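Below are the chains, spelled out letter by letter.
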Amino acid sequence: MAALANILEILSRIDSSSISVHQERCALVRNRNSGCTRCADACTSGCISFTDHGLEVDATLCVGCGTCATACPTGALEARNPTDEDVLGSCANAMKRLSDEVVFVCSTKAQRMSSVIDPEKCVIVPCLGRIEETLLTTIACAGAKRIVFVHDRCQSCSLTPGKQMAQEVASTARELMRAWSIESTIEITDDVPIECHQTEGSYDSNRRGMFSDLVSRAKSTTRCVIDGEKTTPESEQNLRFQRVMEDGTLPHFVPERRKQLIGVLAGRGEPDDIMVSTRLWGHVLIDAHTCSSCRMCATFCPTGAISKYEQEDGSFGVEHAPSACVKCRICENICPEKALSLSDEVFAVDLIKGVVERYPMKMRPRAKNQEEAVRNTMRNVLGSERIY
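Here is what the cut-offs are and how they apply
Residues numbered from 1 in each chain as written. Predicted model: local features only at pLDDT ≥ 70, side-chain atom pairs only at ≥ 80, totals over all residues. Heavy atoms only, no water. pLDDT = per-residue confidence, 0-100. Contact = heavy atoms within 4.5 Å. Core = buried A, V, L, I, M, F, W, Y, C linked by side-chain atoms within 4.5 Å. Buried < 20%, exposed > 50% of the residue type's maximum accessible area, 1.4 Å probe, protein only. Helix = DSSP H or I, 4+ residues; strand = E, 2+ residues; numbered from the N terminus. Expected span 1.5 Å × (residues − 1). Arc of directions from axis to C-beta. Pairing = 2+ DSSP bridges. Right-handed = clockwise from strand over helix to strand, strands pointing away. Phe/Tyr/Trp six-rings, centres within 6.5 Å; stacked < 30°, edge-to-face > 60°. Lys NZ or Arg CZ within 6 Å of the ring centre and 35° of its normal. Axes fitted to C-alpha atoms, helices over the stretch in contact; angles between N-to-C directions.

Across the protein, pLDDT averages 82, with 75% of residues at or above 70. Across residues 203-241 the pLDDT falls below 50, and counting only partners more than four positions away or on other chains, this stretch makes 61 contacts in the model.

This is the structure we're talking about:
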């Protein structure tokens, strides 16, 4: 795996008018032993890849589709041209014309069917991988009874990974809609719904120009990267090691999309009393007998979903809040004793109630030449703190 300095330099190449990079949030930057490669796995153009030499980026290949931002669990990559607000606005405009329906069309399909599609009745995106669960849940709660993803010939398309990402997102959104009793369907098809077709007299030359502009913006939003232009870094601090906080952990943050999604779901009220299995959240399980009490899981957790606690009586351990978990699996990857695992199933109600679970830990034995060494060893062997 590449050294941290190399990873930071590589990530800086992705930063453009279309993709914003928050290097300090990257799982690999936080701990090089992280197994996260989701941005590379989802990259539709081969811009981001992992080789024998580690993480590599060829910015000239980036097409600005935003699929990497959808895949990134920690929010290290953020789509910004168009922004999530821009896409949501396009959905609102489309719903005004189709009432309770939103149709997303990939730009390749839209270009091929430019003489058939009415661009005012659909939302054109560079790739379906750009769409994520917060957007789908928001428009469903706003009244969209039917959501359609229209793809092109994905088998021969250079953006093939985008379809797989869209399928994962659709699966998660369906799971959430089921738990919160949101009446909306999600379909993935290669047929443009008839209601998105042009009607007689509905498509004049001005609208044809608007359509061409939409497709052009959807397909080519990163020319500044190819031309060598880059946004100015906010500060040099992004290229340095992050300072640890007072409790010995790295800084925490929860991706804005995740906070918005929790807010939308909370606005729907309490869900059914069921567990949901999605790509978004995980439930930490710790084997107390195997755990060495190092609490490295809390040190490197990017969101603070795992945090340290200590009490006046000397007891200590970690707490876990499933609602803040982004399922990055750093904790699972770096646990030296493999005592921690991440379950895919989470109680739906825990997500909006902010339920916190506590995992008490045993005292770590001291070195043999230190005071209280024998006493601490006996405490561990007997499983009792009452050794005097």
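Phe104, Leu136, Ile139, Ile147, Phe149 and Trp281 are the most contacted members of the largest nonpolar core, which has 40 residues in total. Examining the composition of this core, we find that eight residues originate from one element, helix α8 (residues 161-179), more than from any other. With near-sequence residues (within four places) excluded, Leu136 lies in contact with Phe104, Ile131, Ile147, Phe149, Val169, Ala173, Met177 and Ile186.

Between the first and last C-alpha of helix α5 (residues 84-98) there are 21 Å, a value that for 15 residues agrees with the 21 Å anticipated at 1.5 Å per step. Buried within α5 we find Val87, Cys91, Ala94, Met95 and Leu98. Viewed along the axis of α5, the buried residues span an arc of 105°, placing them on a single side of the element. Turned more than 90 degrees away from the buried face of α5, the exposed residues are Glu85 and Lys96. Considering only its buried residues, α5 is in contact with β5 (101-106), β6 (123-125) and α7 (133-141).

Bringing the pairing of β5 into the picture now. With six of six residues buried, β5 lies mostly within the body of the structure. The side-chain alternation of β5 yields two buried faces, one formed by Glu101, Val103 and Val105 and the other by Val102, Phe104 and Cys106. Where β5 meets strand β7 (residues 146-150), five bridges bridge the pair, whose relative direction is parallel. Bridged to Val103 within β7 is Val148. Sheet topology note: the β5/β6 ladder contains three bridges and is parallel. Its bridge partner being in β6, Cys106 is matched across the sheet by Val125. In this fold, β5 hands off to helix α6 (residues 107-112), which returns the chain to β6; that crossover is right-handed.

Throughout the structure, instances matching the rule amount to one aromatic pair. A ring pair is formed by Phe104 and Phe149, whose centres lie 5.7 Å apart and whose planes are at 55°; its orientation type is tilted. On the criterion of sequence distance, the pair formed by Phe104 in strand β5 and Phe149 in strand β7 is long-range, its members being 45 residues apart. The buried category is assigned to Phe104, whose relative accessible area is 0%. Its end group placed over the ring of Phe253, Arg25 keeps NZ or CZ at 5.0 Å from the ring centre. The cationic tip of Arg358 hangs over the ring face of Tyr309; the distance from NZ or CZ to the ring centre is 3.8 Å.

Moving on, we come to the sheet that holds strand β12 (residues 316-320). Pairing within the open sheet is antiparallel, and its three strands lie in the order β11-β12-β15. The open sheet has two free edges, formed respectively by β11 (306-310) and β15 (357-361), since each of these has just one partner strand. Pairs of neighbouring strands in the sheet enclose a mean axial angle of 30°, with direction left out of account. Judged from the five bridges that link them, β11 and β12 form a sheet pairing that is antiparallel. Along β12, the bridge assignment pairs Lys308 with Val318.

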